[in-house]
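Take a look at the letters that make up each chain.
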Amino acid sequence: METRTIIPLTRIHQPLKLELDLESDLVTDCRSSGTMFRGFELMLEGRDPRDAAYLTQRICGICSTAHGMVAALAVEDACKVEITRNAALMRNLIYGADVLQNHLRHFYVLALPDYITSPKTPPFEPQSSYDKRFTKAENDKLVESLWQAIETSRLAHQMLAIYGGKAPHQHGIVPGGTSMAPDADRSNRFRGLLKIVLEFVNEHLLPDVELLATKYNDYFKLGRGPGNFLSYGMFPQKGSLNPKYPAGAYLDGKLSDLDISLVSEDISHSWFNGPSVQEKPAEALALPDKQKPGGYTWLKAPRYDNQVMEMGPLGRMWLSGEYRNGTSAMDRLVTRTLEAKKVAQWMLEWLDELVPGQPTFTPFDIPDSGSGIGLTEAMRGSLGHWVKIENHKIAHYQIITPTAWLFSPKDKAGRRGAVDHSVVGTRVGDKENFSEVGRIVRSFDPCFSCSGHLIRPQGDIEEFRIC
Amino acid sequence: MLTRREFISLCAKTTMAVSLSEVLLADLDKAITAKEIKKPTIIWLELGSCTGNTISLDNTASPSVKELFSKVIDLRFHWIFMNVEGSNATNVMRQTAKEKAGEFILVIEGSVVLADGGTWDNIAYENGKLVTGVSVLKDLASQAKQVIAIGSCAAFGGPSAAHPNPSKSVGVQDVLDRQVINTPGCPCHPDWFLGTLYHLINYGLPELDTYNRPKLFYGRLLHDQCQRRTYFEKGIFAQNLGDPWCMFTIGCRGPRTYADCPNREWNGTDNWPVGCNTPCIGCVEPGFPDVSMPFFQRYPDLKLPGFTANLDKAALAAGIVTLGGLGAHLGASLATRRLRKNLTETSLPLTPPGPHTEAQLEGIRTETVPEGAPTQAKVVRTEPAPALLQVRRPRKARRTLHKQ
């Protein structure tokens with residue numbers, strides 16, 4: 001048996017370290033590890049609760065809007081604020097634009113280079129020639145799509161900035177609603193850009209992923225996940241419908257409603273020490289300890305009813321019943337692109353439903369004390385913020401990110417996280433560059449800016465987890 | 001080729017979206033083809049970061065990312081774009097640093113993490129050992145021709161170093177014994193970075209301010225360029241997020257922020273944070289975010305040179321205030337760093353106010369004008385104030401403000 005260490009795994013936001021145990025060409029164990037930690041949890045302590053919607057976005061540059069959205073939801077929950085329906089639609093539009101940006105960049109910039117021959121210039125050189133199956137014509141078309149995708153994702157961010165002020169780290173979503181009320185001029189510009197993005201999705205993204213899925217159909221068998229799925233629900237529409245994407249859990253083949261009290265975290269193999277190995281998010285007391293024996297990552301191991309869960313576009317579409325083909329690496333890529341189309345179409349509907357001139361911001365007072373939970377689906381999976389307010393200030397804040405769920409280390413029962421689970425059992429044909437492993441890992445759309453987390457107790461709990 | 005003077009004037013007068021594509025890029029392309037200048041080799045290293053600056057650079061309109069990679073820069077190492085993994089990737093970085101020693105530009109994104117000897121941010125695996133970000137930074141910086149810190153984390157520690165700074169993050173210039181060019185922002189606007197780079201390639205080091213930021217983009221007070229400055233002068237202030245007035249009273253940091261957002265605007269739109277009816281949070285300034293927080297609360301009491309004033313009370317007592325003079329004060333004291341110190345001392349973290357009582361409000365209303373502060377009597381007005389002003393100015397507005 002040999003052990004190989006890969007760091008940095010490239011084309012991922014922030015470094016990921018992989019330790020692979022190999023028996024000949026078979027991966028017998030995989031330990032993924034987040035190696036950078038900033039500790040946003042502690043930073044929130046003592047601050048104005050409204051600031052969370054801006055500060056938490058700084059956790060992650062590619063899914064910043066998701067953090068802004070969830071922080072606003074958590075603070076509103078704690079302050080008992082009802083936002084207007086117009087505000088909910090505006091938020092969905094702002095957030096939807098970021099989702100489109102993310103899905104395009106992920107598929108083309110981060111995932112696709114594993115399968116194509118990239119332009120032979122830096123920063124794409126050097127590159128591996130292992131297992132590239134496209135003909136020259138197909139490859140040229142995909143490279144052209146890649147450049148266009150970067151341009152189109154820029155337009156998605158332009159769309160976001162029309163109502164969000166700027167991107168990344170937008171200003172538009174604030175506790176109480178959104179800061180800009182819709183007007184006809186902006187909505188028209190928004191719609192124009194959205195149609196360009198939707199056209200790209202239809203004309204390039206979907207055909208490209210179909211081509212990929214045809215040429216690499218063996219990846220429908222590789223990188224299978226644990227088979228349990230979780231979703232917190234996405235795109236709430238207060239005042240009328242339920243979330244566009246339903247919340248729920250799919251556990252051992254059974255579909256059930258989401259019970260947020262079943263979420264816990266295990267720190268057996270994380271660089272954290274606390275009174276208990278397994279903690280509920282709102283009561284966690286662990287502190288960072290880089291020297292902890294047996295620890296190998298900054299990520300904790302979130303579990304739902306003690307089970308390992310997968311999430312993301314595949315999880316959402318699995319739970320909504322739209323896609324039940326499989327749980328492989330290719331299924332993840334396919335559902336991400338299908339979701340891009342769905343979201344863009346929903347956004348067109350929301351634009352029609354907006355009422356120009358109607359208020360989108362509800363003023364409110366910060367209560368002396370209170371607590372709230374904000375939940376949504378981020379681009380790559382379930383994101384939750386837990387906030388507790390005392391003396392008008394944040395007394396405790398915690399975040400559990402999708403990356404923590406997906407890349408979690410082993411828990412005390414020895415269960416691997418979803419990514420490690422899906423890599424184990426893979427046969428590695430390319431020991432030079434570990435292409436198979438890279439393809440599987442990147443199908444999860446990892447984001448390691450979002451990985452570190454930090455908790456602190458002392459009577460009242462202070463805690464925060466990085467997206 | 002453009003002269004330096006022409007380039008600077010372009011940057012000041014227009015947004016780069018127009019200028020770079022139509023003038024500069026063609027210009028640069030010609031010069032590179034004619035071998036007058038070389039495509040600069042760049043190593044882009046990410047430390048304690050959110051990757052937001054890379055995403056922001058991805059949002060560049062002109063040059064597009066394709067033009068940027070193929071015509072403008074020779075980006076040898078950036079792990080978001082590279083194909084190969086692990087040591088195959090980091091070897092490229094080491095190799096480039098060796099081959100192009102003294103020639104390459106090192107771009108750093110993210111803070112330098114120092115906790116536990118830097119091991120809270122391991123970025124490579126060499127000779128059987130994990131290597132910290134700070135050690136790679138020091139190695140590469142010693143061989144680089146220029147070091148650019150992109151984003152506020154790299155420049156000053158930024159959000160990664162927010163109180164209590166668990167990871168002991170600092171800015172790049174705090175650990176290096178050499179010149180660092182800072183292009184802060186959260187994130188850095190693509191024009192700020194590319195314009196700085198363009199200047200560096202063609203004309204050498206741009207003129208820098210006290211904090212090593214190119215004056216080209218960070219040379220003017222945001223407050224002086226703001227579209228809503230007139231509202232400020234007239235005392236028409238926002239009561240809530242979402243109001244289309246001056247954001248000063250609900251936390252705008254424009255009066256102490258040096259950036260050109262009001263003119264440059266973001267993402268190819270006509271929008272920016274104040275345009276979006278929210279306060280500027282001063283993200284390009286040292287000490288961000290702590291010196292800007294709470295984001296939605298007015299300045300804390302400032303100890304300004306000459307007198308101590310609570311801006312809120314000064315504004316209230318003066319009625320229609322010309323705070324322009326105060327803005328100038330702020331500018332002057334920023335240069336001397338006095339204000340910075342005062343702000344840092346007084347702004348972190350503050351208790352958000354509960355609703356004011358009637359008695360408190362009465363106290364504020366009867367407050368006398370601090371000595372030296374501008375008064376209403378000094379305002380020269382040739383026409384009667386429009387009706388809007390009279391509605392916005394009085395007590396009711398103030399009361400709601402204090403509920404913020």
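Residues numbered from 1 in each chain as written. Chains lettered and ligands numbered in written order. Predicted model: local features only at pLDDT ≥ 70, side-chain atom pairs only at ≥ 80, totals over all residues.

S.K.: Can you break down the overall build of chain B residue by residue, with the values?
M.R.: For chain B, the count of helices and strands is 18 helices and 11 strands. Across the 404 residues in chain B, those meeting the buried criterion constitute 54%. In chain B, the proportion of contacts linking residues at least 24 apart, taken out of those at least 6 apart, comes to 74%. (Helix = DSSP H or I, 4+ residues; strand = E, 2+ residues; numbered from the N terminus. Buried ≥ 20, exposed ≤ 12 C-beta atoms within 10 Å, placed from the backbone. Contact = placed C-beta atoms within 7 Å.)

S.K.: Can you tell me about the overall build of chain A, naming the residues and giving the values?
M.R.: For chain A, the helix and strand inventory stands at 11 helices and 18 strands. The C-alpha atoms of chain A give a radius of gyration of 21 Å, which matches the 23 Å a tight globule of 467 residues would have. Viewed in the frame of its principal axes, chain A has a C-alpha envelope of about 60 × 55 × 45 Å. Residues counted as buried form 63% of the 467 residues belonging to chain A. Taking all contacts inside chain A whose residues are at least 6 apart in sequence as the whole, residues at least 24 apart take part in 73%. (Rg over C-alpha atoms; globule rule 2.2 N^0.38 Å.)

S.K.: Which residues make up unusual backbone geometry, and what are the values?
M.R.: Of note, the bond from Ile7(A) into Pro8(A) is cis; its omega dihedral lies within 30 degrees of zero at -5 degrees. Within the secondary structure, Pro8(A) is located in the loop between strand E1 (2-6) and strand E2 (16-23). In the segment running from Ser62(B) into Pro63(B), the intervening peptide bond is cis, with an omega of 5 degrees. Positionally, Pro63(B) belongs in the loop between helix H3 (52-58) and helix H4 (65-72). Backbone geometry at Asp305(A) places phi at a positive 50 degrees, although glycine is not the residue there. Mapping Asp305(A) onto the fold places it in the loop between strand E13 (301-304) and helix H7 (313-319). Here the phi dihedral of Asn165(B) falls at roughly 50 degrees; this positive angle occurs in a residue that is not glycine.

S.K.: Account for the nonpolar core, naming residues and giving values.
M.R.: Counting residues in hydrophobic clusters, the biggest one holds 238 residues, and the most contacted among them are Val197(A), Ile43(B), Leu106(B), Ile108(B), Leu137(B) and Val147(B). Counting residues per element, this core draws most heavily on helix H4 (residues 85-111) of chain A, which supplies 15 residues. Looking at which domains feed residues into this core, each of domain 1 (4-218) and domain 2 (222-402) of chain B gives three or more. Here Leu137(B) is in contact with Leu45(B), Leu47(B), Ile108(B), Val112(B), Val172(B) and Val175(B), once residues within four sequence places are set aside. (Core = buried A, V, L, I, M, F, W, Y, C linked by C-beta atoms within 7 Å. Domains from an automatic or database assignment.)

S.K.: Let's hear about helix H5 (residues 136-164) of chain A: which residues, and what values?
M.R.: Taking 1.5 Å per residue, 29 residues should reach 42 Å; H5(A) reaches 41 Å between its end C-alpha atoms and fits that length. Directly beyond the C-terminal end of H5(A), a positive phi value near 90 degrees is found at Gly165(A). (Expected span 1.5 Å × (residues − 1).)

S.K.: Tell me about the pairing of strand E5 (residues 122-126) of chain B, and name the residues and values.
M.R.: Residues and elements named next belong to chain B. Counting buried positions along E5 yields four of five residues, so the element is predominantly enclosed. Summarising the sheet, E5 and strand E6 (residues 129-132) pair through four bridges and their orientation is antiparallel. In the sheet register, asparagine 122 faces E6, and the bridge partner there is threonine 132. Connecting E5 to the antiparallel partner E6 that follows it, the hairpin turn spans two residues, and asparagine 127 within it adopts a positive phi of roughly 50 degrees. (Pairing = 2+ DSSP bridges.)

S.K.: Requested: an account of the interface of chain B and chain A, with residues and values cited.
M.R.: On the chain A side, the residues contacting the 76 residues of chain B number 73 residues. Classifying every residue of the side of chain B that touches chain A gives 37 nonpolar, 30 polar and nine charged. (Nonpolar A, V, L, I, M, F, W, Y, C, P; charged D, E, K, R; others polar.)

S.K.: Run through the sheet that holds strand E14 (residues 369-378) of chain A, naming residues and quoting values.
M.R.: All names here are of chain A. Here three strands make up an open sheet; going across it, the order is E14-E15-E16 and the pairing antiparallel. One side of each edge strand has no neighbouring strand; the edge strands of this open sheet are E14 and strand E16 (393-400). Strand-to-strand twist across the sheet, computed as the mean angle between neighbouring axes with direction ignored, equals 15 degrees. Judged from the seven bridges that link them, strand E15 (residues 381-390) and E16 form a sheet pairing that is antiparallel. Across the sheet, residue glycine 384 finds its bridge partner in E16, namely isoleucine 400. (Axes fitted to C-alpha atoms, helices over the stretch in contact; angles between N-to-C directions.)

S.K.: Give me the lowdown on the sheet that holds strand E7 (residues 245-251) of chain A, citing residues and values where you can.
M.R.: All names here are of chain A. With respect to topology, three strands assemble into an open sheet ordered E6-E7-E8, the strand pairing being antiparallel. Among the strands making up the open sheet, the edge pair consists of strand E6 (229-234) and strand E8 (254-256). Geometrically, the sheet is characterised by an average inter-axis angle of 30 degrees between neighbouring strands, direction not taken into account. The pairing of E6 with E7 spans five bridges and is classified as antiparallel. By the bridge assignment for E7, methionine 234 is matched with tyrosine 245.

S.K.: With reference to specific residues and values, describe the packing of H4(A) against helix H8 (residues 329-353) of chain A.
M.R.: Think of two packed helices as two axes; the pair is described by the angle between the axes and how far apart they sit. All names here are of chain A. Where H4 meets H8, the closest approach of the two axes is 9 Å, and the angle between their N-to-C directions is 155 degrees. The orientation of H4 relative to H8 falls into the category roughly antiparallel. Of the two possible hands of crossing, H4 and H8 adopt the one that is left-handed. Residues Leu89, Asn92, Leu93, Gly96, Val99, Leu100, His103, Leu104, His106, Phe107 and Ala111 of H4 touch H8, and the partners they reach there are Leu333, Arg336, Thr337, Glu339, Ala340, Val343, Ala344, Trp346, Met347, Trp350, Leu351 and Glu353. (Parallel < 35°, antiparallel > 145°, perpendicular 65-115°, else oblique. Left-handed = near helix turned anticlockwise from the far one by under 90°.)

S.K.: Outline the environment of Asp420(A), listing residues and values.
M.R.: With respect to the helices and strands, the residue Asp420(A) is situated in helix H10 (residues 418-423). Residues in contact with Asp420(A), not counting those within four places in the same chain, are Cys30(A), Arg31(A) and Ser32(A).

S.K.: Report on the domain arrangement of chain B, specifying residues and quantitative values.
M.R.: Residues and elements named next belong to chain B. What the domain assignment lists for chain B is domain 1 (4-218) and domain 2 (222-402). Across the boundary between the two partners, domain 1 contributes 19 residues, which contact 18 residues of domain 2. The residue makeup of the side of domain 1 that touches domain 2, split by class, is 10 nonpolar, eight polar and one charged.

S.K.: Tell me about the environment of Ala418(A), and please be specific about residues and values.
M.R.: Residue and element names in this part refer to chain A. The topology assignment puts alanine 418 in helix H10. Overall, alanine 418 belongs to the buried group, with 26 C-beta atoms counted inside 10 Å. Distance in space between the C-alpha atoms of alanine 418 and leucine 406 is 5.1 Å, their sequence separation being 12 residues. Setting aside chain neighbours within four positions, we find alanine 418 in contact with Gly225, Pro226, Val308, Met309, Glu310 and Leu406.

S.K.: Describe the pairing of E2(A), listing the residues and the values that go with them.
M.R.: Residue and element names in this part refer to chain A. As defined by bridge partners, E1 adjoins E2 across five bridges and the pair is classed as antiparallel. Residue pairing for E2: glutamate 2 is matched across the bridge by leucine 22. Where E2 meets strand E3 (residues 26-34), eight bridges bridge the pair, whose relative direction is antiparallel. Bridge pairing in E3 links leucine 18 to serine 32. Where E2 hands over to E3, the hairpin turn is made up of two residues, of which serine 24 adopts a positive phi near 55 degrees.

S.K.: I'd like a description of the environment of Ile59(A), backed by residues and values.
M.R.: Residue and element names in this part refer to chain A. Considering the arrangement of structural elements, one finds isoleucine 59 in the loop between helix H2 (52-55) and helix H3 (64-79). A count of 30 C-beta atoms within 10 Å places isoleucine 59 in the buried class. Sequence-wise, isoleucine 59 and arginine 38 are 21 residues apart; in three dimensions their C-alpha atoms are separated by 8.8 Å.

S.K.: Which residues make up helix H11 (residues 435-442) of chain A, and what values do they have?
M.R.: All names here are of chain A. Burial analysis of H11 places eight of its eight residues in the buried class, which makes it a mostly covered element. Here H11 has its buried residues at Ser435, Glu436, Val437, Gly438, Arg439, Ile440, Val441 and Arg442. Buried residues belonging to H11 abut E2, E3, H4, H8 and H10.

S.K.: Pulling in residues and values, what's your account of the packing of helix H6 (residues 184-215) of chain A against H8(A)?
M.R.: All names here are of chain A. The contact between H6 and H8 brings their axes to 10 Å, and the two run at 160 degrees. The angle between H6 and H8 places the two elements in the roughly antiparallel class. Here H6 and H8 pass one another in a crossing that is left-handed. In contact with Ser187, Phe190, Arg191, Leu194, Val197, Leu198, Val201, Asn202, Leu205, Leu206, Val209 and Ala213 of H6, H8 contributes Met330, Leu333, Val334, Thr337, Ala340, Lys341, Ala344, Met347, Leu348 and Leu351. Classifying every residue of the contact of H6 with H8 gives 17 nonpolar, three polar and two charged.

S.K.: I'd like a description of the confidence of the model for chain B, backed by residues and values.
M.R.: All names here are of chain B. Of the residues in chain B, 71% have a pLDDT of 70 or more, and the chain-wide mean is 77. Taken together, the stretch residues 302-358 has pLDDT below 50 and engages in 112 contacts with residues farther than four places along the chain or on a different chain. With pLDDT under 50 throughout, residues 360-404 is counted as low confidence; its partners more than four residues away or in other chains account for 57 contacts. Confidence metrics for the complex model read pTM 0.87 and ipTM 0.93. (pLDDT = per-residue confidence, 0-100.)

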